[in-house]
There are 2 protein chains.
Amino acid sequence: MKPHIAWMSALVLAAAAMPLAQSAPVTATDSLSDWNDGAAKRAIVDFVQTTTDPSSSRFVPPAERVAVFDQDGTLWVEHPIYAQLVYCLDRVPALAKTRPQLASEEPFKTVLTANRAAIASLSSQDLLKIVAATLTGMSVEQFQGEVKSWLATAVDPRWKRPYTQLTYLPMQELLKYLRANGYRTYIVTGGGQDFVRVYAEQTYGIPPEQVVGSAGSSSYHYDQSGKPMLTKEPKLLLNDDSTGKPEGIQLMIGRRPYAAFGNSSGDSQMLEYTRAGEGARLAMLVLHDDAHREYAYGPAQGLPDTKVGRFPQELYDRAKKSGWIVISMKDDWRRVFSPEQ
Amino acid sequence: MKPHIAWMSALVLAAAAMPLAQSAPVTATDSLSDWNDGAAKRAIVDFVQTTTDPSSSRFVPPAERVAVFDQDGTLWVEHPIYAQLVYCLDRVPALAKTRPQLASEEPFKTVLTANRAAIASLSSQDLLKIVAATLTGMSVEQFQGEVKSWLATAVDPRWKRPYTQLTYLPMQELLKYLRANGYRTYIVTGGGQDFVRVYAEQTYGIPPEQVVGSAGSSSYHYDQSGKPMLTKEPKLLLNDDSTGKPEGIQLMIGRRPYAAFGNSSGDSQMLEYTRAGEGARLAMLVLHDDAHREYAYGPAQGLPDTKVGRFPQELYDRAKKSGWIVISMKDDWRRVFSPEQ
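Source: prediction; values computed, not measured.

(A) Structural view of the side chain of Arg-335 of chain B. Residue placement: Arg-335 of chain B occurs in the segment after α12 (329–332). Side chain to side chain, Arg-335 of chain B and Asp-34 of chain B meet in a polar contact 2.8 Å long.

Here it is in structure tokens:
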């Protein structure tokens, strides 16, 4: 089985130069204080009130309260390219130090030139090689350490802030609001399960066991001292994108969610699977229509097209027809990011 | 990848005729009241006290408190054959009604004769066909319904009680004791993940998302009315036995456990992986040395050999050498089963 890399299949490497967002500290007045009043906020509050009211016919027992969130573009910034792919490219120089022969092998040679245009023109096949070389072949603990080190120093090129600070404040509020009401919040991402697990607990309050993502196998064996270890293998078990999202939910959670949040076509199966359950089921999609504070892409509603996190008009129309709520980043969110510390 | 059936690979079909266990109701005086005083009970209490005492150097933060339990032979009876295999054989007549051509096809033809000796001589290849036909090819919900119906009526041939009543009382106490001390209890079984999930919540208080087992893929598609559904496919993603247990723990939980409980060689990798972590780590193995109240098999310590749940002398010696605790069913457990209601 060949490794699949859903989270980079539609890659664009040219970062748009956009004005820096201005945000002023705002005092929280309620638990969804960074949501403007409107249909999106109302849908969230109605859903939670209905499903947690024991007198409601649509009451959901606490054990069944599961809410699932896509990550890239739903909980944090995915443009111009997925953070995990930046990680993979950034790892190449260190990798070439431990395996010097890579310096003369493509596509590693091109990545080492740091020539952005040349890197941007790498084929999917090239990127697959980079992904396999940087995400597999080491112990689980070594990988975790490498990701942690990278996260501590890497910064987003536009905001010059660590990636883990570029989560959406209203979505962070939503995670906490749902948890305060007995919901267990899961990430269900096309990104790498092991990658996201490294920071999800600290960044979102979501523990490793509640991160479902594209997952490779590991192999159990012994190191030279006879100590058992798990090595990450380049064999894909779960491609957690599109139909893989409900399949991954079944594999890892074993319950149909009551609420699902996404931002692109790859989330639509997760949303329709959630909504196909009985009782109150909430499905929401973040529309990136805020070029000033974040990015604007669709191509729904006349927004510019994109290869990363496409939200086509067809998805928009379907959402409207199916009772899925479209969150307008521009209109529904009071702030997008936390103020800089 | 061919379906793997770890939980039936060492099948024996001849049920031993043994005297019915007598058990009188006992009033619980402490939370481990069905454990006799001894090294096993002391090891459990010491482990929990040490890891939950904030002043201890071996304190474990609540988020990291994970305990993993094998199921067959550790939490409930596995002799003379695994309950799940009984289920598969019992399903054949119903299957033959919906697919009449099976009645003339082997190995289904033999199973339909209800001739125990003939069934007992079926090959692994035959059993694989039965397993694939009865565990896959239907929707997740249909499968859950079929297992529920079976559990409601099937009884163990020796005790004439439903399988879900033949869980070990001291292990039920242990699950509750660990949970009362902030541990999340997981099942990590070579049995089918979807099968065990059907009853684990009601039987053990372990929710579906905390059941890790041998798992096949599912496929997401639409029924004739256009409603989304997940169909169970005969493609194995995780063979959750032996090295597959730590691999499954990494895939599904993403944390190394602090306590692990098993009863056979197939659990040894899970126990050594658990013990290889830093700090206090508890590893325990149930030895079935109680032919009167349950079964006696090893072949460790001169007990009769078996093909189901082997506990060889090598494993016993290793446990003693490595600080793993062997639980003697005969000596350490005050009662084995709950009294009949």
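(B) Layout of the pattern of salt bridges. Under the definition given, this model contains 30 salt bridges over all chains. Ionic pairing is found between Asp-34 of chain A and Arg-335 of chain A, a salt bridge with its closest N-O pair at 2.8 Å. With Asp-34 of chain A in the segment before α1 (39–52) and Arg-335 of chain A in the segment after α12 (329–332), this pair connects stretches of sequence that are 301 residues apart. On the basis of relative accessibility, which here comes to 13%, the residue Arg-335 of chain A falls in the buried class. When the shortest N-O distance is used, the salt bridge between Asp-37 of chain A and Lys-41 of chain A registers 3.6 Å. When its relative accessible area of 11% is taken as the criterion, Lys-41 of chain A is described as buried. Each of Arg-184 and Arg-255 of chain A together with Glu-201 and Glu-209 of chain B takes part in one network of salt bridges that share partners.

(C) Structural view of the environment of Gln-144 of chain B. Residue and element names in this part refer to chain B. In this fold, Gln-144 is placed in helix α6 (residues 140–153). Classification of Gln-144 as partly exposed rests on a relative accessible area of 28%. Sequence separation between Gln-144 and Ala-103 is 41 residues; the distance between their C-alpha atoms is 24 Å.

(D) Molecular detail of the packing of aromatic side chains. Applying the stated rule across the entire model yields 34 aromatic pairs over all chains. Between Tyr-87 of chain A and Phe-143 of chain A the ring centres are 6.3 Å apart and the planes differ by 90°, which places this aromatic pair in the edge-to-face class. Of this pair, Tyr-87 of chain A sits in helix α2 (residues 83–98) while Phe-143 of chain A sits in helix α6 (residues 140–153), placing them 56 residues apart in sequence. Both residues of the pair, Tyr-87 of chain A and Phe-143 of chain A, count as buried. With 5.4 Å between their ring centres and 80° between their planes, Tyr-87 of chain B and Trp-150 of chain B make a pair best called edge-to-face. With Tyr-87 of chain B in helix α2 (residues 83–98) and Trp-150 of chain B in helix α6, this pair connects stretches of sequence that are 63 residues apart. On the basis of relative accessibility, which here comes to 0%, the residue Tyr-87 of chain B falls in the buried class. Following the ring pairs from residue to residue traces out a cluster consisting of Trp-76, Tyr-87, Phe-143, Trp-150, Tyr-163, Phe-195 and Tyr-199 of chain A.

(E) Seen up close, the sheet that holds strand β2 (residues 184–192) of chain B. Judged by pairing direction, the sheet is mixed, and its 7 strands sit side by side in the order β4-β3-β2-β1-β5-β6-β7 (chain B) without closing on themselves. For this open sheet the edge positions go to β4 (228–238) and β7 (325–328) of chain B, each flanked by a neighbour on one side alone. Across the sheet, the mean angle separating the axes of adjacent strands is 35° when strand polarity is ignored. Pairing between β2 of chain B and strand β3 (residues 211–222) of chain B: 4 bridges, direction parallel. Its bridge partner being in β3 of chain B, Gly-192 of chain B is matched across the sheet by Ser-214 of chain B. Where helix α9 (residues 244–252) of chain A meets the sheet, its contacts fall on β3 and β4 of chain B, and the angle it forms with β3 of chain B comes to roughly 155°.

(F) Seen up close, helix α10 (residues 268–275) of chain B. With respect to burial, α10 of chain B is a largely interior element, 7 of its 8 residues being buried. Residues Ser-268, Gln-269, Met-270, Leu-271, Glu-272, Tyr-273 and Thr-274 of chain B constitute the buried set of α10 of chain B.

(G) Representation of the relation of the copies chain B and chain A. With an axial shift of 0.0 Å and an RMSD of 0.0 Å, the rotation relating chain B to chain A amounts to 180°. Accordingly, the operation relating the two chain copies is best matched by a two-fold axis. A share of 100% of the interface residues of chain B reappears at the interface of chain A, consistent with the copies meeting face to face through the same patch.

Reading guide: rules and limits
- Residues numbered from 1 in each chain as written.
- Chains lettered and ligands numbered in written order.
- Predicted model: local features only at pLDDT ≥ 70, side-chain atom pairs only at ≥ 80, totals over all residues.
- Heavy atoms only, no water.
- Helix = DSSP H or I, 4+ residues; strand = E, 2+ residues; numbered from the N terminus.
- Polar contact = N/O pair within 3.5 Å; in protein donor to acceptor, adjacent residues only side chain to side chain.
- Salt bridge = Lys/Arg side-chain N within 4 Å of Asp/Glu carboxyl O.
- Buried < 20%, exposed > 50% of the residue type's maximum accessible area, 1.4 Å probe, protein only.
- Phe/Tyr/Trp six-rings, centres within 6.5 Å; stacked < 30°, edge-to-face > 60°.
- Pairing = 2+ DSSP bridges.
- Axes fitted to C-alpha atoms, helices over the stretch in contact; angles between N-to-C directions.
- Contact = heavy atoms within 4.5 Å.
- Least-squares fit on C-alpha atoms with pLDDT ≥ 70 in both.

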